Amino acid sequence: MELKSRQTIILHKLFENGELTDSEKLQKELKIAKRTFYYDIEHINDWLVQNHLHQVTMSNGRIGVSLDDKKKIDTLLKTENNYFLSITERNSVIILTIALNNKPITIQYIMELFDISKNTVLKSLKQIKEELEEVNLNLVYRPKMGYLIEGEETTVRKIIWKQLYKMSTSIGLVLVRKLLQSTLEELTKDEIDFYELCRCIIKQYEMDAQINCFIGDSGYEYMMVQVAWIRNLKGYECEMSEEERFILMNTESYQSIEKNVMKMHMQGIAFPKREIYYVTSIFLGIDSTSQQTPEEEDAYIYNIVQKFVRSFSCIACINITETERLCKTLMHHMRPLFYRMKYGVLSQNILVKDVRRMYPDVFDFTERAAIDAGLNGISEDEIASLCVYLIGCFDEKRIRKSEVEPSKILIVSSDSVSKARLVKEQLQKAFGWEFVCDIIPKNQLKKMDLTEYVLIVAIEKFEERYRNSNLVVIDPILQEGSLNAIAEHLVTHILQNSYDSTIQDILDLIKTTEGLGNVDQAVYSRL
């Protein structure tokens, strides 16, 4: 005698409640008729008696079960392949089944797997389709192939990892482990314990690297190694750039896994060599749910480069022309740096001491710009490499100190000079520029010639008559938006002054050119 899925759910509901439960309330929760409910209870009691366990008790409309039997019942249910899963867990298992099973997954297959109706399957598939679409994946049906998940492979594996973490019961994990085992047996034509094999690979890695991986009891990492194996054999592979592969190849993790894969091949077990990179990323402690597609990663790294260049220009008070070209050039250096930081791979630079001694200011500017760009924890070796790279990228014409007088900034506060001083300190810390800074109370504005200031910082809103293009209204504690607005004003002023002489040279050349005639102010402004 075996329990049906609904009867298994009733048992687990009783265990969850712990004490006597209102039977009418449970019927409504399960959406079943009273007659069906009592039929299920009778069948459950027959099953309990058959297995020498206490029966379900009913008294005055309340129902309960002996909590002492919970472990025995869990064991029996696993043995008999009866699985109690919540709706969330069931949807997760359906996703995993579609992504990892080697058989065509149809509505009928899902109905039989979970003992549920066609309407329930269709409802689950609709929910799954919506969940996948949120991450740009598609659930499609192909004749003779069944349901498939289509999209970027990196995203597919992220969603698989996410579903594993949704398994809140041991029964769900047992079902997934059986799915992985049966699929690998079918694909490899081998009947070894693949879960245990993956566990041994990780244990060997711990011995090789002399570390502990701190893998939980659920064994998600073991299962993700099997996932990579299955997805590769099914024809799917995560894309990685050459830079990322190169970084991974030089880690102890990669070398340990590669050695184990070679041993497996000698024993006739063919693990896909291309998956060593992906498995290495798991072993290095990278959360698979945070991995990005190659396109997303390129955009992310390029954004870091752009912010780094902007910050370096602002912090060092340096005019950089051809910024876009510089960013594209720096991408070739920043990409491997990003992967080294991502995987915790240390880089050694024998020139770090010399760079710090010869270019102390540039080293400081580079470090501050890197941190501002989000490269927190960057090592001095990496900073020195970036520093040398920056120095080598520019010549005197392309990067030079501005030769104008220090910028004059006016800070206006209505009620507290201490607030104005706080703002001044934050500006100096943020930009590292030397500028003349005047602080006045708001009531003295009428006496001031505001045209001599490149920037007016107000700690509260100004009256309309005082407003001009150089005014920035801020709070005493500078936020990113305020800092960006201030930086834009200062950089514009410095660029304009530093290029004035160059523009004038161009105009003089134009005037001496035959047939061009006089050059008016509009041409100057456009230049």
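See the structure above.
Computed from a prediction, not measured in an experiment: that's the story for all the values here.

### Examining the sheet that holds strand E11 (residues 471–473)
Where strands meet in a sheet, backbone hydrogen bonds hold them as pairs that are either parallel or antiparallel.
Stage number 1. Spatially, the 4 strands line up as an open sheet ordered E9-E8-E10-E11, and their pairing is parallel. Single-partner strands in this sheet number two, and they are strand E9 (436–441) and E11. Direction aside, neighbouring strands of the sheet carry axes that sit 20° apart on average.
Stage number 2. Both strand E8 (residues 408–413) and strand E10 (residues 455–458) contribute to a ladder of 4 bridges, which runs parallel. What sits directly across from Ile-409, in E10, is Leu-455.

### Some points on the sheet that holds strand E3 (residues 62–64)
Stage number 1. If you trace the 3 strands from one edge of the open sheet to the other, you get E1-E3-E2, paired in antiparallel fashion. Here the strands that pair on one side only, and so sit at the sheet edges, are strand E1 (21–22) and strand E2 (57–59).
Stage number 2. Where E2 lies against E3, 3 bridges are found, and the strand directions are antiparallel. The residue of E3 that forms the bridge with Thr-57 is Gly-64.

### Thoughts on the packing of helix H8 (residues 153–165) against helix H11 (residues 220–233)
Stage number 1. It is at 11 Å that the axes of H8 and H11 come closest, and there the two elements cross at 145°. Crossing geometry of H8 relative to H11 is assigned as right-handed. In contact with Glu-153, Val-156, Arg-157, Ile-160, Trp-161, Leu-164 and Tyr-165 of H8, H11 contributes Tyr-220, Glu-221, Met-223, Met-224, Val-227, Ala-228, Arg-231 and Asn-232.

### Details of the side chain of Asn-101
Stage number 1. Assignment of secondary structure puts Asn-101 in the loop between helix H5 (87–100) and helix H6 (107–114).
Stage number 2. A relative accessible area of 8% places Asn-101 in the buried class.

Parameters and conventions
Residues numbered from 1 in each chain as written. Predicted model: local features only at pLDDT ≥ 70, side-chain atom pairs only at ≥ 80, totals over all residues. Heavy atoms only, no water. Pairing = 2+ DSSP bridges. Helix = DSSP H or I, 4+ residues; strand = E, 2+ residues; numbered from the N terminus. Axes fitted to C-alpha atoms, helices over the stretch in contact; angles between N-to-C directions. Left-handed = near helix turned anticlockwise from the far one by under 90°. Contact = heavy atoms within 4.5 Å. Buried < 20%, exposed > 50% of the residue type's maximum accessible area, 1.4 Å probe, protein only.

Just geometry here; none of it tells us what the structure is for.
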